[in-house]
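# Structural overview for review
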Amino acid sequence: MATSAPVESVGAPPSIVQIKEAAKEQQIDPYNVSGAKDAQGNVKAIDYEALRQRFNTPALTEEHLRRFQEVTGKPPHRLVRRKLFFSHRDFDKILDYYEKYGFFLLYTGRGPSSGSLHLGHAIPFLFNKELQDVFDVPLVIMLTDDEKFLYTRNKNEGKQTTGGALGDFIGYAYDNCKDIIALGFDKKKTFIYTDYEYMGGHFYQNISEFETLLTNNQIRGALGFDGSTNVGLNAYAAKQCVAAFASSYPAIFGCGDFRAPDYVERRPRKELAAIPCLIPCAIDQEPYFRLLRDNCDRMELPSPKTSLILSKFLTALQGPGGKMSASDPNSAIFMNDTSKQIEKKINKHAFSGGGATREEHERDGGNPDIDVAYTYLSYFLEDDDELAEIEKSYRAGTLSTGELKKKCIAVLQAFVGTFQERRATVTDQIMREFMTVRKLEYKGHANPKVPGGIEAIARDLASNSTKSSKKDKKDAKKTESLPVRSSETGGDDLQKST
Ligand code: TRP
């Protein structure tokens, strides 16, 4: 294992230093994650409630958790119980679909900006793995080597930098792919691809069509771009969006594509387009998927509005105002850090909510809400009772910061250690197996209301088509209102979406 954080983390989100210099307001979009600054210039914790309201994404409620358990027969994952996943769009609808047809498409992704994942990257994947196990559905993982290349070039004003050549991103994608596999995904149900390898066929047809539905102004509004942003980055959004359409992956459902060498089916099947999709991801990706949801039903082969389940960010070691960043080794625990490095990083850098002195701590108690070691425990310690006990004694001041950090170090060392053992077994060949275009095997719901999988969807579409053809045209005009940042006015008002 490498002993230090990768130096090649060129396409990464901003570092803590950059975050400190950021605007006073909190700023969250796919390319910026930073808390607001107070009068002294200190970064404040990200206000997730304000963010949720700004994005207008509903809260994930106890009712959703109950319904999840009702539909799957399983308790929700600790990351949901502890509200790391805290918001959603149409999560209830995906559960309804699942009860009806017995399956859906799970989709997530990763922008390969560095050679090794850190704990913050691992979190959404852990959650995706859990959902794949519980629902027993196909999962596609998009590795956006193109996005990170374009983004890095854009950041560097078009100039090539060390570690920032196109081929470097292909390399990061492969390294990340192996890390992701080592988190435990089931090969039979998982297709992982890089954009440079897989884009073509029906996927590319979907991209072209989707590109016609997005204007530059909409892209700028959603992603904070302007007229000097390179055209590749502007166009990229369509790719990340249509990756949610099952029709972009006909082969995983056993259907033909329009690619070399066989060119079997010229256009996607309607019933594949109609398969619903759930995207578990961090909330910074939401602006992309708002563009997606606005346009799903404007495609020639319409798709249902994509469901989302949205997470907070894994707090940087320095505290809750930023997220772990691959470009700042001291902000993050990397999945290839040694046990010693983990110990050192937590002891030295993890922001503490404890009292300034031992006396103070024993008298006033600690504050777990802002304590980074406690926060990490809340993500990785499975036992609810043990966590509650830690919280209580920390607040009471009977558990010291040192003891709390020790516990956190042990839990993280165990998690990262197990991961590294598995990672060492992921060969190039295993990676290629996950990346092979093939039919996936999944069982889905044991007892769906409408059995028959894709054929059942096709039948329902055929019987509905006569009724709905007029309505389709009318609906095409309706959109989930977009965050419009007009290029003319330079305004950045974010309209509410639904
Ligand atoms: N843009 C994401 C990133 O930079 C990568 C990504 C592509 C993604 N598709 C996704 C993330 C779907 C979550 C869900 O990391």
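A brief structural summary. For clarity, every value in this text was computed on a predicted model and none was experimentally measured. (Residues numbered from 1 in each chain as written. Predicted model: local features only at pLDDT ≥ 70, side-chain atom pairs only at ≥ 80, totals over all residues. Heavy atoms only, no water.)

## Section: the packing of helix α12 (residues 231-242) against helix α14 (residues 286-295)
Relative orientation of the contacting elements α12 and α14 amounts to 75°, with a least axis distance of 9 Å. As judged from the angle between their axes, α12 and α14 are roughly perpendicular. In contact with Tyr236, Ala237, Gln240 and Cys241 of α12, α14 contributes Tyr288, Phe289, Leu291 and Leu292. Looking at the contact of α12 with α14 residue by residue, the class counts come to 7 nonpolar, 1 polar and no charged. (Axes fitted to C-alpha atoms, helices over the stretch in contact; angles between N-to-C directions. Helix = DSSP H or I, 4+ residues; strand = E, 2+ residues; numbered from the N terminus. Parallel < 35°, antiparallel > 145°, perpendicular 65-115°, else oblique. Contact = heavy atoms within 4.5 Å. Nonpolar A, V, L, I, M, F, W, Y, C, P; charged D, E, K, R; others polar.)

## Notes on the environment of Gly171
Turning to its location among the elements, Gly171 is positioned in helix α8 (residues 166-182). The exposure class of Gly171 is partly exposed, given its relative accessible area of 28%. When the C-alpha atoms of Gly171 and Asp145 are compared, they prove to be 8.7 Å apart, with 26 residues separating the residues in sequence. (Buried < 20%, exposed > 50% of the residue type's maximum accessible area, 1.4 Å probe, protein only.)

## Focus on the packing of aromatic side chains
In total, this model carries 29 aromatic pairs according to the counting rule given. Cluster of aromatic residues (ring-pair linked, three or more members): Phe191, Tyr193, Tyr198, Phe203 and Tyr249. The ring of Tyr151 has Lys148 sitting right over it, with the charged end atom 5.7 Å from the ring centre. Over the face of the ring belonging to Phe86 we find Lys312, whose NZ or CZ atom lies 5.5 Å from the ring centre. (Phe/Tyr/Trp six-rings, centres within 6.5 Å; stacked < 30°, edge-to-face > 60°. Lys NZ or Arg CZ within 6 Å of the ring centre and 35° of its normal.)

## Some words on unusual backbone geometry
Residue Pro261 follows Ala260 across a cis peptide bond; omega there is 0°. Mapping Pro261 onto the fold places it in the loop between α12 and α13 (270-273). At Asp136, a position not held by glycine, the phi torsion is positive, near 60°. In this structure, Asp136 sits in the loop between α6 (119-135) and β5 (139-143). Residue Asp136 is classed as buried on the basis of its relative accessible area, which comes to 15%. The residue Glu157 is not glycine, and still its phi comes out positive at about 50°. Structurally, the position occupied by Glu157 is in the loop between α7 (145-155) and α8. When its relative accessible area of 66% is taken as the criterion, Glu157 is described as exposed.

## Concerning the sheet that holds strand β4 (residues 105-110)
A sheet is described by the order of its strands in space; here 6 strands give the open sequence β3-β8-β7-β4-β5-β6, paired in mixed fashion. Edge strands, defined here as strands with exactly one partner in the open sheet, are β3 (85-89) and β6 (190-194). Ignoring strand direction, the axes of neighbouring strands in this sheet form an average angle of 20°. When β5 meets β6, the two strands line up parallel, connected through 5 bridges. Note that in β6 the partner of Ile141 across the bridge is Ile192. Across the face of the sheet, α8 comes into contact with β4, β5 and β6 while running at roughly 165° to β6. (Pairing = 2+ DSSP bridges.)

## Observations regarding α12
Burial of α12 is extensive: 9 of the 12 residues sit out of reach of the surface. Within α12, burial applies to Leu233, Asn234, Tyr236, Ala237, Ala238, Lys239, Gln240, Cys241 and Val242. Structurally, the start of α12 carries an N-cap: the backbone nitrogen of Gly232 is 3.2 Å from a side-chain oxygen of Asn230. (Polar contact = N/O pair within 3.5 Å; in protein donor to acceptor, adjacent residues only side chain to side chain.)

## Digging into the site of the ligand
Looking at the ligand, there are 15 residues lining it, with Tyr107, Gly111, Glu147, Gln240 and Gln285 nearest. Here a nitrogen atom of the ligand and a side-chain polar atom of Tyr107 are 2.8 Å apart. One of the backbone N or O atoms of Gly111 is found 2.9 Å from an oxygen atom in the ligand. Coverage of the ligand by the protein chains reaches 91% of its 360 Å² of free accessible surface. Those elements that place two or more of their residues in the shell around the ligand are β4, α7, α12 and β7 (277-282). Per element, the largest residue contribution to the shell around the ligand is 4 residues, and it comes from β4. For the shell around the ligand, the class distribution of residues is 6 nonpolar, 6 polar and 3 charged. (Near = heavy atom within 4 Å. Areas by Shrake-Rupley, 256 points an atom, 1.4 Å probe, with all protein chains shown as cover.)

## Some words on the pairing of β4
With 5 of 6 residues buried, β4 lies mostly within the body of the structure. Where β4 and β5 come together, 5 bridges link them in parallel fashion. Across the sheet, residue Gly109 finds its bridge partner in β5, namely Met142. The parallel pair β4 and β5 is bridged by α6, and the resulting crossover is right-handed. (Right-handed = clockwise from strand over helix to strand, strands pointing away.)

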